[in-house]
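# Observations on the model geometry
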Amino acid sequence: MEEVKLFGAWPSPFSYRVIWALKLKGIPYEYVEEDLSNKSALLLQYNPVHKKIPVLVHGGKPIAESLVILQYIDETWPQNPLLPKDAFERSKARFWAKFAEDKGSTIWAIFRTGGEEQEKAMKESLEMLKTIEEHALGGKKFFGGDTTGLADLTFGGIALWLGVIEDIVGVKLVEPHTFPRLCAWIENFKEIPVIKQNLPDREKLFVYLKHRREILLASP
Amino acid sequence: MEEVKLFGATPSPFSYRVIWALKLKGIPYEYVEEDLSNKSALLLQYNPVHKKIPVLVHGGKPIAESIIILEYIEQTWPQNPLLPKEAYERAQARFWTKFAEDKSLTFYAFFRSDGEEHEKAIKDALEVLRILEEQGLGEKKFFGGDTVGLADIAWGWMAYWLGVMEEVVGKKLFEAHAFPRLHEWMENFKKVPAIKENLPERNGMLAHFKRQREILIASSIS
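Residues numbered from 1 in each chain as written. Chains lettered and ligands numbered in written order. Predicted model: local features only at pLDDT ≥ 70, side-chain atom pairs only at ≥ 80, totals over all residues. Heavy atoms only, no water.

## As for the UniProt feature "domain: GST N-terminal" (unreviewed entry) in chain B
The condition that has to hold: UniProt positions are given in the numbering used here, feature names are shortened, and annotations may be inferred rather than shown by experiment. Working definition: helices are DSSP H or I runs of at least four residues, strands are E runs of at least two. Numbering for both runs from the N terminus.
Using the residue numbers shown here, the UniProt feature "domain: GST N-terminal" (unreviewed entry) corresponds to residues 2-81 of chain B. For residues 2-81 of chain B, helix accounts for 36% and strand for 21%, while the C-alpha atoms at its two ends are 20 Å apart.

## Description of the environment of Tyr 16 of chain A
Residue and element names in this part refer to chain A. Applied cut-off: Using a 1.4 Å probe on the protein chains alone, a residue whose accessible area is under 20% of its type maximum counts as buried, one over 50% counts as exposed, and one in between counts as partly exposed. Any two residues whose heavy atoms approach within 4.5 Å are treated as being in contact.
Structurally, Tyr 16 can be placed in helix α1 (residues 13-24). Take Tyr 16: its relative accessible area is 11%, and that puts it in the buried class. Spatially, the C-alpha atom of Tyr 16 lies 7.7 Å from that of Asn 198, the residues being 182 residues apart in sequence. Aside from chain neighbours lying at most four places away, what touches Tyr 16 is Trp 10, Trp 161, Asn 198, Leu 199 and Pro 200.

## A few points about the nonpolar core
Generally speaking, nonpolar side chains in soluble globular proteins are found buried as a group. Residues and elements named next belong to chain B. What counts here: Throughout, nonpolar core names a set of buried Ala, Val, Leu, Ile, Met, Phe, Trp, Tyr and Cys residues whose side chains join them through atoms within 4.5 Å.
In terms of nonpolar packing, the biggest core is built from 159 residues, with Trp 155 and Trp 185 touching the most fellow members. Broken down by element, the residue count for this core peaks at 12 residues, all from helix α4 (residues 87-112). Apart from residues lying up to four places away in sequence, Trp 155 is in contact with Trp 96, Phe 99, Ala 100, Lys 103, Phe 107, Val 128, Leu 132, Phe 143 and Trp 185.

## Concerning the confidence of the model for chain B
Note the following rule: What pLDDT conveys is the predictor's confidence in a given residue, as a value from 0 to 100.
Averaged over chain B, the pLDDT score is 96; the fraction of residues at 70 or greater is 100%. Scored as a whole, the predicted complex attains pTM 0.96, and scored at its interfaces, ipTM 0.96.

## Side note on the domain arrangement of chain B
All names here are of chain B. Selection rule: What marks off one domain from the next here is an automatic or database domain assignment. Summed over both partners, buried area is the accessible surface (1.4 Å probe) that two parts give up on being assembled. Basic side-chain nitrogens of Lys or Arg form a salt bridge, by our definition, when they fall within 4 Å of a carboxyl oxygen of Asp or Glu. Side-chain atoms alone can form a polar contact between residues adjacent in sequence; in general such a contact is a pair of N or O atoms within 3.5 Å, and within protein one must be able to donate a hydrogen while the other accepts it.
Per the domain assignment, the segments making up chain B are domain 1 (4-76) and domain 2 (87-221). On a C-alpha basis, the centres of domain 1 and domain 2 stand 21 Å from each other. In this complex, domain 1 contributes 14 residues to the contact, which on the side of domain 2 involves 20 residues. Summed over both partners, the interface of domain 1 with domain 2 comes to about 1,500 Å²; 75% of that surface belongs to carbon and sulfur atoms. Where domain 1 packs against domain 2, one counts one salt bridge. Note that Glu 71 is salt-bridged to Arg 94, the shortest N-O span being 2.8 Å. The interface formed by domain 1 and domain 2 includes four residue pairs in polar contact (both at pLDDT 80 or more).

## Overview of the domain arrangement of chain A
Residues and elements named next belong to chain A. Just so we agree on the cut-off: Under the scheme applied here, ten amino acids are nonpolar (Ala, Val, Leu, Ile, Met, Phe, Trp, Tyr, Cys and Pro), four are charged (Asp, Glu, Lys and Arg), and all others, including Gly, are polar.
What the domain assignment lists for chain A is domain 1 (4-76) and domain 2 (87-218). Here domain 1 and domain 2 have C-alpha centroids that lie 21 Å from each other. Opposite the 15 residues of domain 1 that make contact, domain 2 presents 21 residues. For the pairing of domain 1 and domain 2, the buried interface totals around 1,700 Å² over both sides, and the portion due to carbon and sulfur atoms is 72%. The interface formed by domain 1 and domain 2 holds one salt bridge in total. Arg 17 is the salt-bridge partner of Glu 101, the closest N and O atoms lying 2.7 Å from each other. Across the contact surface, domain 1 and domain 2 share five residue pairs in polar contact (both at pLDDT 80 or more). Taken together, the elements giving at least two residues each to the side of domain 1 that touches domain 2 come down to α1 and α3 (66-76). No other element matches the nine residues that α1 contributes to the side of domain 1 that touches domain 2. Taken together, the residues of the side of domain 1 that touches domain 2 sort by class into 11 nonpolar, two polar and two charged.

Next up, the structure:
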């Protein structure tokens, strides 16, 4: 099998999406930690358009954008599939993965802002979470059904990063009585061995993000 | 074959993405024109999350979000494929398709704003065009190679809608001499019969976008 390399950054949930996919499928890979304040020449060469992580390099060929990477992984290594076979079911999985991708930024907006802007971000985030609670899971254990899939990995940021952001900012967005399905999903997701064994250290993440927020709020 | 229905709205480029895919693959379908100022109960039922067009309904089952619809169409009707067979090539096609999705807001900003926001939008849009010109197409005729593919359809709006937007805004963003590859791509794209025969009427589009811009500018002043 050709060499697989992942360029990532430990605080990034996007990075973890790819780690989880590789681990769930048992694909051996070499991990390269990028310092986002000092990006390597190799990263810039592999992702000239966005200059971002994650980037997967397979046999020397780079793929960027986490959801594009996930679909590439699923097509190249079909064991433990991330997408269902049926076209309609597949479209629903993609729909919710896209939803997570498009709306996930509202939670980061809570983290990055204060005052009125933060109020707006909180409102939007709650709306997004309500939509997931009411429409996305149905009675299923995971977005992917009985096992995790593309949408679960894309929502994975909610499993840890959301809680850390809530602690730093001093708000509680997701509670068991208001979001019972989502809370159950978070617990189930974090219980999966691959996920459980592949999460950043919570304390370390808290310290890192707290510091980042201070810098962000201090800059004009 | 089970019934195929497309809920769309002229002159939405998102709507046309799906029309082009259906036409390129020769899939018969019924078209339902939605009045976006008065959305049908059926649309709201088929797309409760976003309440938007386009929505494809196949055998009574609804699929929303234009690119997701395209992937569904591709998997369900494999003739005249929109994606290459090889995984890495597919990843490249999806990368440029996502780029189109992510950057549509930039061009929308160009269309709906004025003043400082507008100036920033112009700068951002030119950067996107530069990236497409230098890194997107390479030496290929289409993003899909010799034939139109997913990324071509995702960027297809640029071949026809951009000119109308520029006329309404009163500013030229795209100059053929500055972006020769893109210019050639636009010309080739519009020559493809399934595309050529399925473009909204220009005068109607112009009037529609003029009205839209007036409303958007007015609401941003308040």
